[in-house]
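# Inside the fold
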Protein chains: 2
Amino acid sequence: MITVLAGGVGAARFLTGLAQLIKQENLTVIVNTGDDIDLFGLHISPDIDIVTYTLAGIVNDEKGWGIKGDTFNCLNMLKSFGEVVWFNLGDQDFATSILRTFMLKNGAALSQVSAKVSCDLGLKLKILPMTDDKVATYVQIPDEGFVHFEEYLVKRAAKDPVFNVKFVGAEGARPAVGVIDAILTSERVIICPSNPIVSIGAILSIPGVRDALRSTGAKKVAVSPIVAGAPIKGPADKLLNGLGVEVSAFGVAKLYADFLDGFIIDSMDVAERGRIEALGVKVVVGNTLMKDLASKVALAKMTLDL
Amino acid sequence: MITVLAGGVGAARFLTGLAQLIKQENLTVIVNTGDDIDLFGLHISPDIDIVTYTLAGIVNDEKGWGIKGDTFNCLNMLKSFGEVVWFNLGDQDFATSILRTFMLKNGAALSQVSAKVSCDLGLKLKILPMTDDKVATYVQIPDEGFVHFEEYLVKRAAKDPVFNVKFVGAEGARPAVGVIDAILTSERVIICPSNPIVSIGAILSIPGVRDALRSTGAKKVAVSPIVAGAPIKGPADKLLNGLGVEVSAFGVAKLYADFLDGFIIDSMDVAERGRIEALGVKVVVGNTLMKDLASKVALAKMTLDL
């Protein structure tokens, strides 16, 4: 069994490679739900949907989110009703959120929804939300104070510097059923090249998850989301900066060092090897850019071999 | 001021003609909401939407409901999630129901939602739900007992005979703000050629509406929805039969006779004139089939002139 901690687009791309190497039945993905947001009364789970659609082969590859060929008629109609529509959601995508909201309203847990959706889309792996409780990631920015991370990311295009991050609700949240178990019973836990603060950091903020990672017998291997001092995608640099963490593979390694066994860094960052190994983490240097399926598979293979 | 009692498609077509003759500002339409139904957690108001879309000029004319050129990607995705999808709702149409559900959840009344939607779509008339309270029309059919009218109409294609009708919640419902006022202060109240049992009958089931129609000084004029012993559209015959009412213009006139001043029947039904006039209702005979805009306008003119 392999367990993976995942955010959105970067994680989904990495998982595409991993899914070529191991049977889906042997794979559990624990997904960040700190980005979850209620819009127009619908519960939207951006990272769960991105991971699910990508592994189901229906994701819009160019965007990295949403469904291939989807239309946007529902959203445009909401705009014509004067709704403040800064979030993007295609018509098929709306169906997922309508189903989710409907199931939650009828007493289902978020994990039951994601199990149903991934099963209906033909997937055999387990996609688990980090928690079934309500946790929301907020970032502190100039003038506005704390705003929901999706508002920061989508509405504000992640332009502002970030002063601080909080995971509202995390303190009292419990890991979803299966999360701790998966970490404790896997041979290997892989931390995706996702945002170390708002994606992986949100998962680690759920009480019990970090302890499980420290105590499990599983090999814990991460892929650096920072290459040559910058994130491959997304605002990880702004978040690391805001929390006073060096924007480098080393900076990320330090965040995971208390539980991490191995770290895969890009060949561009080979100079950081010594500092990372001084943290007690084994380093493998390779190509982490995932430009095509072959490089995704090669990267996944590194995480399995290390 | 003119007030109109309306169901769905038949009413909307009639109103298209009427809107050519009088200023929208002088028009109040009281719409049946007994067909309203919750599906996938969304509040759907079929008749309000049909009337609104038709008057806004965006209705799908062939179907009589939904929005011209709308796609059905959300609904098809819900089908792929195994949801029992017997109801039809296009992607833009979903937006209306998402907005409605969201506003209702935040404490708005149904009448506030319909006011907003019709205003956003550029309409100047008042579209009022018969009530802001929850009323649901159920019909009793063989084997199944009572089923929601939309389930009967759409899922079962109105094939079964009907034994009985009930308006669940009507007894304790109050007319929406403006409904009684509109009836009492109009010069004329027009009853559309809608289903006399489940559309007009549902409106009349709201306490206070029938009394207002009896006591108002307005001229009350109806158009027969039954021509040559059959409904122009929909299952009115099955409903009239089920309640032991003659399926004829006369049968409908009897249902309204306690408040009706004038009744427009089709020239095919001229033989019924004497029986209807014996009820104390003035009869005008004309073409009621509304095949094109000219005939819609001509019919509307009859209701204004009578």
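Residues numbered from 1 in each chain as written. Chains lettered and ligands numbered in written order. Predicted model: local features only at pLDDT ≥ 70, side-chain atom pairs only at ≥ 80, totals over all residues. Heavy atoms only, no water.

What chain A contains, in helices and strands, is 13 helices and 14 strands. Scaling as 2.2 N^0.38, a compact globule of 306 residues should have a C-alpha radius of gyration of about 19 Å, and chain A matches this with 18 Å. Contacts in chain A between residues far apart in sequence, at least 24 positions, make up 67% of those at least 6 positions apart. As displayed, chain A has an accessible area near 11600 Å², and 51% of this comes from carbon and sulfur atoms. For chain A, the distance from the average position of its 30 positive side-chain charges to the average position of its 34 negative side-chain charges is 3 Å. (Helix = DSSP H or I, 4+ residues; strand = E, 2+ residues; numbered from the N terminus. Rg over C-alpha atoms; globule rule 2.2 N^0.38 Å. Contact = heavy atoms within 4.5 Å. Areas by Shrake-Rupley, 256 points an atom, 1.4 Å probe, with all protein chains shown as cover. Lys, Arg positive; Asp, Glu negative; His and termini not counted. Charge placed at Lys NZ, Arg CZ, Asp CG, Glu CD.)

In this section: the interface of chain A and chain B. Facing 27 residues of chain A, the contacting portion of chain B comprises 27 residues. Interface area lost by chain A to chain B is led by A:Met77, A:Phe81 and A:Ile98, which between them contribute 29%. For the pair chain A and chain B, the interface holds 0 salt bridges. Along the contact surface separating chain A from chain B lie 4 residue pairs in polar contact (both at pLDDT 80 or more). Sorting the residues of the side of chain A that touches chain B by element identifies helix H3 (73-80), helix H4 (91-105) and helix H5 (110-120) of chain A as the ones contributing at least two each. Of the residues contributing to the side of chain A that touches chain B, the split by class is 15 nonpolar, 6 polar and 6 charged. (Buried area = accessible area lost by both parts, 1.4 Å probe. Salt bridge = Lys/Arg side-chain N within 4 Å of Asp/Glu carboxyl O. Polar contact = N/O pair within 3.5 Å; in protein donor to acceptor, adjacent residues only side chain to side chain. Nonpolar A, V, L, I, M, F, W, Y, C, P; charged D, E, K, R; others polar.)

So, on to the packing of H3(A) against helix H4 (residues 91-105) of chain B. In contact at an axis separation of 7 Å, H3(A) and H4(B) are set at 50 degrees when each is read in the N-to-C sense. In terms of their interaxial angle, H3(A) and H4(B) are classed as oblique. Along this stretch, H3(A) crosses H4(B), giving a crossing that reads as right-handed. Along the contact surface, H3(A) presents A:Asn73, A:Cys74, A:Met77 and A:Leu78, while H4(B) presents B:Asp91, B:Gln92, B:Phe94, B:Ala95, B:Thr96, B:Ile98 and B:Leu99. Partitioned by chemical class, the residues of the contact of H3(A) with H4(B) number 7 nonpolar, 3 polar and 1 charged. (Axes fitted to C-alpha atoms, helices over the stretch in contact; angles between N-to-C directions. Parallel < 35°, antiparallel > 145°, perpendicular 65-115°, else oblique. Left-handed = near helix turned anticlockwise from the far one by under 90°.)

Turning next to the packing of aromatic side chains. Residue and element names in this part refer to chain A. Per the counting criterion, the structure on display carries 10 aromatic pairs over all chains. Ring plane angle 40 degrees and centroid distance 6.1 Å describe the contact between phenylalanine 149 and tyrosine 152, whose orientation is recorded as tilted. Here phenylalanine 149 and its partner tyrosine 152 are both found in helix H6 (residues 149-155), 3 residues apart, which amounts to about one turn of the helix. Among the residues examined, tyrosine 152 registers a relative accessible area of 0% and is labelled buried. The ring centre of phenylalanine 250 lies 3.9 Å from the NZ or CZ of arginine 275, which sits over that ring. (Phe/Tyr/Trp six-rings, centres within 6.5 Å; stacked < 30°, edge-to-face > 60°. Buried < 20%, exposed > 50% of the residue type's maximum accessible area, 1.4 Å probe, protein only. Lys NZ or Arg CZ within 6 Å of the ring centre and 35° of its normal.)

What follows deals with the relation of the copies chain A and chain B. The two copies are related by a screw operation: chain A maps onto chain B through 180 degrees of rotation and 0.0 Å of translation along the axis, at an RMSD of 0.0 Å. What we have between these two chains is a two-fold relation. Judged by C-alpha distance, A:Asp91 is the residue of chain A that lies nearest the rotation axis, at 3.1 Å. Taken together, the interface assignments show that 100% of the residues at the interface of chain A recur at the interface of chain B, consistent with an identical surface on both copies. (Least-squares fit on C-alpha atoms with pLDDT ≥ 70 in both.)

Turning to the sheet that holds strand E8 (residues 164-168) of chain B, a few remarks are in order. Residues and elements named next belong to chain B. Taking strand neighbours across the sheet as the criterion, the 3 strands line up as E7-E6-E8 in an open arrangement whose pairing is antiparallel. Each edge of the open sheet is held by one strand with a lone partner, namely strand E7 (145-148) and E8. Put simply, the sheet's adjacent strands are angled 30 degrees from each other on average, direction ignored. Both strand E6 (residues 136-141) and E7 contribute to a ladder of 4 bridges, which runs antiparallel. (Pairing = 2+ DSSP bridges.)

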